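Listed here are the chains, written in short residue letters.
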Amino acid sequence: MTQDTHDIIVIGAGIIGVSTALRLASQGRKVLLVDRKGVAQETSRGNAGAFAFSEVEPLATPGIMRKAPKWLIDPLGPLSVPPSYAIRILPWMLRFWRSSWKDRYENAVEAQTSLMHHCAAAFERQLVAFGDPALIRREGQLQLYEGAAAFKAALSLWKRREELGIPFDLLTRAEEIREIQPGLSDRFTHAGFAPGWFNTTDPLKWTEKLAQAFFELGGALRISTVSDIQLKPSCIQLETEQGLVSGQRVVICAGAWSHRLARMIGDKFPLETERGYNTTFETSSVDLKTHVSFSAHGFVMSKIGEGLRIGGAVELGGLELPPNFRRAEALVSKAKTFFPTLQVANGEHWMGYRPSLPDSLPVIGASPSDDRVLYAFGHGHLGLTQSAGTAELAADLIAGTEPDINLSPFSAKRF
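No experiment lies behind these values; they were computed from the predicted model shown. Along each chain, residue indices are assigned from 1 in the same order as the chain's sequence is written. Totals for whole chains, interfaces and linings use all residues, but because this is a predicted model, local features are given only for residues with pLDDT of at least 70 and pairs of side-chain atoms are given and counted only at 80 or more. Hydrogens are left out, water is left out, and the side-chain values use all remaining heavy atoms of the structure.

Enquirer: Quick rundown of the overall build of the chain? Include the residues and the values.
Expert: Numbering of helices and strands runs from the N terminus; a helix is a DSSP stretch of H or I covering at least four residues, while a strand is a stretch of E covering at least two. Helix and strand counts for the chain stand at 11 helices and 20 strands. Against the globule reference of 22 Å for 415 residues, the chain gives a C-alpha radius of gyration of 21 Å, in line with a compact fold. The 415 residues of the chain split such that 57% are buried. A separation threshold of at least 6 residues defines the contact pool for the chain, and within that pool the share at least 24 residues apart is 75%. Working definition of accessibility: Shrake-Rupley area with a 1.4 Å probe, residue cover restricted to the visible protein chains. As displayed, the chain offers around 17,400 Å² of accessible surface, 53% of which is attributable to carbon and sulfur atoms. The chain carries 44 positive and 44 negative side-chain charges, and their two centres are separated by 4 Å. For the radius of gyration, the atoms used are the C-alpha atoms, and the globule rule reads 2.2 Å times the number of residues raised to 0.38. Only protein chains enter the accessibility calculation, which uses a 1.4 Å probe; a residue whose area is less than 20% of its type maximum is buried, one above 50% is exposed, and one in between is partly exposed. In this description, contact between two residues means that some pair of their heavy atoms is separated by no more than 4.5 Å. The sign given to each residue is positive for Lys and Arg and negative for Asp and Glu; His and the chain ends receive no count. Think of each charge as sitting on NZ of Lys, CZ of Arg, CG of Asp or CD of Glu.

Structural data, given as C-alpha cells:
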C-alpha cells in the first residue's frame, strides 16, 4: 500500500492545530494537517471568541471541593457533573482536588501567568504576519458582581492580578458600570473591567483565516480519522480512513480527543471534557459594548459578527453523553433577566468539548514514549487565547530551540 510522506504531521485542525501547522509551515516545513472533520469543526467553531490573557486562575481553586455536592444536585448550575458520569470521573476529581491545594494552586497560577505573557506577545506577532485586524475587537471585559459581599469575596482575585501586573479597574458605582455597558439590570452593583481583554469577531472565521495562510504556504489537509499510530524506526506512521501517511515528527493537537491518540503509543493522560454550552443569535437586541462575564453564574455574553452569543458553564461529562441543551436554555433565561431588553427568539444552541486536565494547565512537550511525538493539548477554555503562543513553543521544541519560558510545568511527564 502506498503512503504519503511528510516532514511533520499535525493531528487536529482546531485553533491549536492550525496555529501550530501554520507556524511550522512558515519555517519552511512540509506539514500535513489531519482532522476527522476539517478546519475548526469542533470546539474552535463555536466558542465565545475571547482572548482572555488575564484569566490565569485554574479551575481548581482552594476550597472548591466544598461545593462538589451541589454539582451533583444542580444539573443546570455553573459547574455540574451528570450523576451517570460521577463514578467514572472520580479518579480525575481526586487529582482535581489535589490541584486545588494552595501549594499546587500557586504554582499553577505562576505557570499560567508565564504562559499568558508569552501567548499575548505571540498573538500580536501572529496577527501582524497572518491575521486580519478587522477580525479582532479590542473592547475589554466587564466582570459583574451582585452586591458588596460578592465583590468583597472576589477582591483577592483582583489583588493577585494586580501583583501579576494585569491592568484593570474596579467599579463600585452603578453609573461607572453603565457607562461601560448600558442596559444592565440594577442587580449588578460592582464590577471589574479588564481593558486588555479582546475578542475575535468570529472564532470560526479567525481559524479559517489562519488555515488559509497555512494552505498558501503549501500546507495540506487530510480530512480523515486516525485509527492507529505506529512508531517505526525511520518514521511515524498513521493509519487513516484514506490510507497510510507517515512523517518524521507528529504533533498531537486534537483537543478533547488527544488522550485517545496518546494511548495508541502507550501514553496515558487524565484528560476530561468541560462540555460548554451556548446559544447564538444572528442579530443583537442588546448593544454590547464589551465582553460581559456574569461571575456567579458562570457564563458570558459576547458579540459574534453582528449577532450575540450567550454561553459558558462547565459540565464535566466526557465525550459520549448526549448534549443537555436545557443548560443552554437556562443561560439564555438568566441573560434575559440581566439585560431586560434582550430578545431571545430564533437562537441556535451548540455544545463544545473543552479539553481539561486536573491542574488547568495544558500539555506542551514531547511524549515520554518517543520524543518524535509532541503534545500540545489540554488548554481547557483557553485554547483560542493560548493558540499562537502554543504554536511558537511547539515549533521551538521541534527545531531544538530553547523556548522563551520554562515548560516544565506543562510537561507530559507530570502525571
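Read on, since the account is not over.
Enquirer: An account of the packing of helix α5 (residues 102–130) against helix α8 (residues 203–216) is requested, with residue identities and associated values reported.
Expert: A fitted line through C-alpha atoms represents every axis, and for helices the fit uses only the stretch in contact; the resulting angles, taken between N-to-C directions, go from 0 to 180 degrees. Two numbers describe how α5 lies on α8: the axes approach to 11 Å, and their chain directions differ by 60°. Taken together, the axes of α5 and α8 lie oblique to each other. Here the hand of the crossing between α5 and α8 comes out left-handed. Along its contact with α5, which presents F123, Q126, L127 and F130, the element α8 presents W206, K209, L210 and A213. Taken together, the residues that form the contact of α5 with α8 break down as six nonpolar, one polar and one charged. An angle below 35 degrees is treated as roughly parallel, one above 145 as roughly antiparallel, one from 65 to 115 as roughly perpendicular, and anything else as oblique. Definitions for this section: a left-handed crossing has its near helix turned counterclockwise from the far helix by less than a right angle. A right-handed crossing has that turn clockwise. Only Asp, Glu, Lys and Arg are considered charged in this grouping, and only Ala, Val, Leu, Ile, Met, Phe, Trp, Tyr, Cys and Pro are considered nonpolar; every other residue, Gly among them, is considered polar.

Enquirer: Can you lay out the layout of surface pockets for me, pointing to particular residues and giving the numbers?
Expert: Taken as a whole, the second largest pocket holds about 390 Å³ of empty space. Elements with a contribution of two residues or more to the lining of the second largest pocket: α4 (90–99), α9 (258–263) and β14 (272–281). For the lining of the second largest pocket, a count of residues per class yields eight nonpolar, four polar and seven charged. Space inside and on the surface of the protein is sampled on a 1 Å grid over the protein atoms alone, with a cavity defined as a set of points where a 1.4 Å probe fits but cannot get out and a pocket as an open set with protein on both sides within 12 Å along at least 5 of 7 lines; lining residues have an atom within 4 Å of a point. Grid points are joined across faces, edges and corners, and a volume is the space filled by probe spheres set on the points.

Enquirer: Can you tell me about the nonpolar core, naming the residues and giving the values?
Expert: Nonpolar cores were defined as sets of buried Ala, Val, Leu, Ile, Met, Phe, Trp, Tyr and Cys residues, with membership established by side-chain atoms within 4.5 Å. Residues V10, F51, F123, W206 and F410 are the most contacted members of the largest nonpolar core, which totals 57 residues. At the level of secondary structure, the elements contributing two or more residues to this core comprise β1 (3–11), α1 (15–26), β2 (31–35), β3 (50–51), α5, α8, β20 (373–377) and α11 (387–399). In terms of residues, this core owes the most to one element, α5, which gives 10 residues. Of all hydrophobic cores here, the second largest spans 30 residues; its members include W257, L261, L271 and Y375.

Enquirer: How would you sum up the pattern of salt bridges? Please name residues and give values.
Expert: Think of a salt bridge as a Lys or Arg side-chain nitrogen and an Asp or Glu carboxyl oxygen that are within 4 Å of each other. Across all of its chains, the model carries 24 salt bridges by this definition. Among the ionic pairs, R125 bridges to E392, the shortest N-O distance being 2.9 Å. Of this pair, R125 sits in helix α5 while E392 sits in helix α11; the two residues are 267 residues apart in sequence, bridging distant segments of the chain. Where salt bridges share partners, they join K102, E106, K159, R160 and E163 into one cluster.

Enquirer: So, the sheet that holds β3: which residues are in play, and what are the values?
Expert: Strand-to-strand pairing in sheets goes through backbone hydrogen bonds, with the strands running parallel or antiparallel. In this scheme, strands are said to pair when DSSP sees at least two bridges between them. Taken together, three strands build an open sheet; the order of strands is β3-β9-β5 and the sheet is antiparallel. Every interior strand has two partners, whereas the edge strands, β3 and β5 (136–137), have only one. Pairing of β3 with strand β9 (residues 198–200), which is carried by two bridges, proceeds in the antiparallel orientation. Within β9, the position partnered with A50 by the bridge is N199.

Enquirer: Account for the pairing of strand β16 (residues 299–304), with residues named and values stated.
Expert: With five of its six residues buried, β16 lies for the most part within the structure. Hairpin connection of strand β15 (residues 291–294) to β16: four residues between the antiparallel strands, including G298 at a positive phi of 70°. Bridge analysis of β16 against strand β17 (residues 307–316) gives six bridges, and the strand direction is antiparallel. Considered in β17, the bridge of F299 is made with G312. Connecting the antiparallel pair β16 and β17 is a turn made up of two residues, with G305 showing a positive phi of about 60°.

Geometric descriptors of this kind do not, in isolation, establish any biological role.
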